[in-house]
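Inside the fold
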Amino acid sequence: MRLIVCFFIFATVTMSSVAQSQKEDIKSTLLDGYFKFLGDQKISKALDYIHPDLINMLGKQTFEEQYRQLFNNPGIRVSMKAFSVDTVSPVYRYQQENYVLVAYSFKMTFVVDMSNDKDGVLHDVLLANYKSQFGARNVTSKAEGTYVIDVKREMFAIDSDKFEGWKFLDFEEGMKVIIVNMIPEEVFEHFNK
């Protein structure tokens, strides 16, 4: 009897340790890899952390070009920083793949060149637009032309034999029709998505 109890305790501690190790692996992969490269605007390297099926849909160059347009838009400087991993769900295993839902946040800053705004109305228009788009409580502006947005998002982390390391897919309801080819419906149901 004592042997059974000892085995049960050992198995429980081992499973808990593995789960904690997976969570830490996901956090460090995001913070030291994917998010760091996004913040440093090293998009090609950041895209290496995205699920390969999504990258293959349009091609890596197309994604790189979209980010280049965002970061190199004339008259607007965009930066992303202060990334944090807020929660990491327990691993859900389905058909030899591991799935985790990650909640994360970051600050996105838009600095708009206001030199052509002779009437002085652009700041208020942009501020109202950003508040409408991101939520009034998530947008601040301490200087005219500078807008800081607190962004809160979710993503799936996937571990599969088809690729090396954890790969990520941002999740929002509108993206579901695209990523449903990469994430089975059972996984969405498990995470109530």
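Quick note: structure is the one above.
This write-up is about the structure you can find in this document.

Criteria and cut-off values
- Residues numbered from 1 in each chain as written.
- Predicted model: local features only at pLDDT ≥ 70, side-chain atom pairs only at ≥ 80, totals over all residues.
- Heavy atoms only, no water.
- Helix = DSSP H or I, 4+ residues; strand = E, 2+ residues; numbered from the N terminus.
- Buried < 20%, exposed > 50% of the residue type's maximum accessible area, 1.4 Å probe, protein only.
- Contact = heavy atoms within 4.5 Å.
- Areas by Shrake-Rupley, 256 points an atom, 1.4 Å probe, with all protein chains shown as cover.
- Core = buried A, V, L, I, M, F, W, Y, C linked by side-chain atoms within 4.5 Å.
- Polar contact = N/O pair within 3.5 Å; in protein donor to acceptor, adjacent residues only side chain to side chain.

Okay, the overall build of the protein next. The helix and strand tally for the protein stands at 7 helices and 6 strands. Start at the N end of the protein and walk to the C end: the helices and strands fall as α-α-α-α-β-β-β-α-β-β-β-α-α. Taken over 193 residues, the protein has a buried fraction of 36%. Relative to all contacts within the protein whose residues are 6 or more apart in sequence, the contacts with residues 24 or more apart total 59%. When the accessible surface of the protein is summed, it comes to about 11900 Å², and 54% of that surface belongs to carbon and sulfur atoms.

Core analysis: the largest hydrophobic core is formed by 53 residues, its most contacted members being I26, L30, F156 and I183. Sort the elements by how many residues they give to this core and strand β3 (residues 97-112) lands first, with 9 residues. With residues near it in sequence (within four places) discarded, F156 still touches V100, L101, K167, F168, L169, F171, I179, I183, V187, F188, F191 and K193.

Here we come to the side chain of E64. Among the secondary structure elements, E64 is positioned in helix α4 (residues 60-71). A distance of 3.0 Å separates the side chain of E64 from the side chain of S44, its partner in a polar contact. Here E64 is in contact with I43, S44 and L47, once residues within four sequence places are set aside.

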